[in-house]
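Read off the chains here:
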Amino acid sequence: MDIWNREFECMPREELELLQLEKLKNILQRAYNNSKLYKDKFNQVGFTPQDISNLEDLNKLPFTVKDDFRDNYPFNMFCVPMNEVVRLHASSGTTGKLTVIGCTKNDLQIWSELVARMVTMAGVKSSDIAQVAFGYGLFTGAHGLHYGLEKVGATVIPISGGNSEKQLMLMKDFKTTVLVSTPTYALHLSEVAEQMGIDPKAELDLKVGLFGGEAFSEEYRKEIENRWGILATDNYGLSEIGGPGFSGECEHICGQHVAEDHYIVEIIDPETLQPVKPGEQGEVVITTLTKEALPVIRYRTKDISSLKYEQCACGRTTARLSKITGRTDDMLVIRGVNVFPSQIESVLVNIEGLAPHYQIIIYKKGFLDDIEIRVEVSENIFSDNYRQLEAVEESLKQQLNNTLSITPKIKLVEPNSIERSSGKAKRVIDLRK
Ligand code: DLL
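These remarks concern the structure in this document. Worth saying up front: this structure is predicted, and the values here are computed from it rather than measured.

## Looking at the sheet that holds strand 15 (residues 326–327)
Two modes of strand pairing occur in sheets, parallel and antiparallel, and in both the strands are linked by backbone hydrogen bonds. Strand order in this open sheet of four strands is 10-11-12-15, and the pairing throughout is antiparallel. In this open sheet, the two strands that pair with only one neighbour each are strand 10 (263–268) and strand 15. The sheet contact formed by strand 12 (residues 299–305) and strand 15 spans two bridges and is antiparallel. Within strand 15, the position partnered with Asp 303 by the bridge is Arg 327.

## Description of the site of the ligand
Taken together, the neighbourhood of the ligand is formed by 21 residues, with Gly 213, Asp 234, Asn 235, Ser 239 and Asp 303 sitting nearest. At a separation of 3.1 Å, a nitrogen atom of the ligand approaches a polar backbone atom of Gly 213. Between the ligand and Asn 235, the relevant distance is 2.8 Å, taken from a nitrogen atom to a main-chain nitrogen or oxygen of the residue. Taking 610 Å² as the accessible area of the ligand by itself, protein coverage stands at 97%.

## Comments concerning unusual backbone geometry
Negative phi characterises most residues that are not glycine, and trans characterises most peptide bonds. The linkage connecting Tyr 73 with the following residue, Pro 74, adopts the cis geometry, with an omega of -10°. Summarising the element assignment, Pro 74 is placed in the loop between helix 4 (66–71) and strand 1 (87–92). At Ser 160, a residue that is not glycine, the phi angle is positive and equals roughly 70°. Looking at the secondary structure, you find Ser 160 in the loop between strand 4 (155–157) and helix 7 (164–173). The backbone of Leu 273 shows a phi angle near 65°, a positive value even though the residue is not glycine.

## As for the pattern of salt bridges
Applying the stated criterion across every chain, the model contains 30 salt bridges. With a shortest N-O distance of 2.8 Å, Glu 266 and Arg 298 are connected by a salt bridge. Here the residue Glu 266 occupies a position in strand 10, and Arg 298 occupies one in the loop between strand 11 (282–288) and strand 12, the gap between them amounting to 32 residues. Like Glu 266, the residue Arg 298 is buried in the burial classification. Salt-bridge contacts for Asp 329 lead to Arg 327; the nearest nitrogen and oxygen are separated by 2.9 Å. Salt bridges linked by common partners bring Lys 364, Asp 369, Asp 430 and Arg 432 together as one network.

## A look at the packing of helix 11 (residues 341–348) against helix 13 (residues 386–404)
Viewed as axis vectors pointing N to C, helix 11 and helix 13 meet at an angle of 135°, and their least axial separation amounts to 10 Å. Judged on the interaxial angle alone, helix 13 and helix 11 are oblique. Crossing geometry of helix 11 relative to helix 13 is assigned as right-handed. Residue-level contacts link Gln 343, Ile 344, Val 347 and Leu 348 of helix 11 to Leu 396, Gln 399, Leu 400, Thr 403 and Leu 404 of helix 13.

## Details of the environment of Phe 174
For Phe 174, the location among the structural elements is in the loop between helix 7 and strand 5 (178–181). Taking relative accessible area as the criterion, Phe 174 reaches 41% and is therefore assigned partly exposed. In contact with Phe 174, other than residues within four places in its own chain, are Ile 129 and Ile 157.

## Things to note about the sheet that holds strand 18 (residues 354–365)
Strand order across the open sheet formed by four strands is 20-19-18-21, with mixed pairing between neighbours. In the strand order of this sheet, the two ends are held by strand 20 (409–413) and strand 21 (428–430), each with one partner. Direction aside, the axes of adjacent strands within the sheet are offset by 20° on average. Looking at chain direction, strand 18 and strand 19 (residues 368–377) are connected through nine bridges and run antiparallel. Across the sheet, residue Ile 361 finds its bridge partner in strand 19, namely Glu 372. Lying on the sheet, helix 11 is in contact with strand 18, strand 19 and strand 21; it crosses strand 18 at an angle near 135°.

## Some remarks on the nonpolar core
Core analysis: the biggest nonpolar cluster contains 45 residues, and Leu 28, Phe 246 and Leu 321 have the highest contact counts within it. With six residues, the single largest contributor to this core is helix 2 (residues 13–34). Setting aside residues no more than four positions away along its own chain, Leu 321 makes contact with Tyr 236, Phe 246, Ser 247, Gly 255, Gln 256, Val 258, Ile 267, Val 284, Ser 305, Ser 306 and Leu 307. Counting residues in each nonpolar core, the second largest holds 23 residues, with Val 339, Ile 351, Ile 371 and Leu 396 among its members.

## Section: helix 6 (residues 140–152)
For helix 6, spanning 13 residues, the distance from its first C-alpha to its last is 19 Å, which sits close to the expected 18 Å at 1.5 Å a residue. With respect to burial, helix 6 is a largely interior element, ten of its 13 residues being buried. Every buried residue belonging to helix 6 is among Thr 140, Gly 141, Ala 142, His 143, Gly 144, Leu 145, His 146, Gly 148, Leu 149 and Val 152, and all of these are buried. Trailing helix 6 by a residue or two, Gly 153 shows a phi angle of about 95°, which is positive.

## Digging into helix 8 (residues 183–195)
An α-helical turn contains 3.6 residues, so any two residues separated by three or four positions project in the same direction. Compared with an ideal rise of 1.5 Å per residue, which puts 13 residues at 18 Å, helix 8 spans 19 Å between its outermost C-alpha atoms and is within 8% of the ideal. Most of helix 8 sits out of view: ten of its 13 residues are buried. Turning to helix 8, its buried residues are Pro 183, Thr 184, Tyr 185, Ala 186, Leu 187, His 188, Leu 189, Ser 190, Val 192 and Ala 193.

About the cut-offs
Residues numbered from 1 in each chain as written. Predicted model: local features only at pLDDT ≥ 70, side-chain atom pairs only at ≥ 80, totals over all residues. Heavy atoms only, no water. Pairing = 2+ DSSP bridges. Helix = DSSP H or I, 4+ residues; strand = E, 2+ residues; numbered from the N terminus. Near = heavy atom within 4 Å. Polar contact = N/O pair within 3.5 Å; in protein donor to acceptor, adjacent residues only side chain to side chain. Areas by Shrake-Rupley, 256 points an atom, 1.4 Å probe, with all protein chains shown as cover. Salt bridge = Lys/Arg side-chain N within 4 Å of Asp/Glu carboxyl O. Buried < 20%, exposed > 50% of the residue type's maximum accessible area, 1.4 Å probe, protein only. Axes fitted to C-alpha atoms, helices over the stretch in contact; angles between N-to-C directions. Parallel < 35°, antiparallel > 145°, perpendicular 65-115°, else oblique. Left-handed = near helix turned anticlockwise from the far one by under 90°. Contact = heavy atoms within 4.5 Å. Core = buried A, V, L, I, M, F, W, Y, C linked by side-chain atoms within 4.5 Å. Expected span 1.5 Å × (residues − 1).

Rendered as structure tokens:
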């Protein structure tokens, strides 16, 4: 299969590490000079960018965490003046505040380059027709894939998420060969195809699925592959470090190749914060090497994975990231949307008539993840009329939709019906496992 940028994707490791060191020195200097956050962080540990003499020295630097984005909302982490920022994206933060990222023109060019590598790895070519069924908007998924696919010359259908029957109609009429979506949406679409009497293998031209935005198991992958008759690749990334393009799978499906000429990836023990032994699982920590608008140093992703460095059969020399097996925090990823229980809590405690006792139930509806929120109503509302209950429910629904972009099922329950805990409350019940 083709390799989009052989020079960097197949660079001998020694050379690659020298390149990383040179870029690391530059980015640390830039972060130090242009960001109060980083200047303070570095000063606190008595570090100056000149102190870097090898890649291991990165270990001396403090981490960046999601709260740093919240504390510097919206633009205080940017390292360039706003007139150089040409695009903003965002994802959920730990509270109602969004995690905002900005891109310069140059950042956008590099982003497309990295996604072009990623889609080429999966076998996408200029002759392909790609249907982007990620939601267009602040989410990095759709725009990231869109421009990377265009860069390789593929024909892009920017249909966005949802509207499943139309998705299938276009797939058939436009002879779509590549589906870009979350894995759960891909399976859901296959169910809708079945209901519409479409046999994907016989009647559609799909050959590759570029999936990402949420975790999915090997069994889930096999199910998608069987239903559609395609190669289903897993692609990881997160808004804070620039979205998709960080890593993706080649046709050998043996870990995701990391774009190491633009990122340094470390795996740490989330307890001791020290690097784990090679090949061991731990928390993924990422440093961006070339981001202009928003360099991020040692970002703790909270995602759990491991790395391997042996050369892949495809010829690429870059480190490979194993499937993400979980997270160290309570962030939920529902249909690709990041949701923190704390966000739900902060919405419902502000609604009159609701008591702060609730449970979040995650379950599967067909192949899609769904979420139900059970929340107690207060005594005075409970004994009151039905219309008032309905108004409370509607208000909760709307506010959750405004802050989280999700529309959960709501179940108002009577006072004292949710089990009280003497220790940590078990607020999230995940029935998917
Ligand atoms: O999900 C970026 C992305 C879009 C990646 C499209 C790939 C394709 P966020 O919305 O900031 O960014 O969510 C990032 O989602 O920390 C993981 O917990 C989870 N995640 C994303 N991709 C994967 C994946 C985008 N392939 C958060 N496997 C991350 C497992 C994933 N988890």
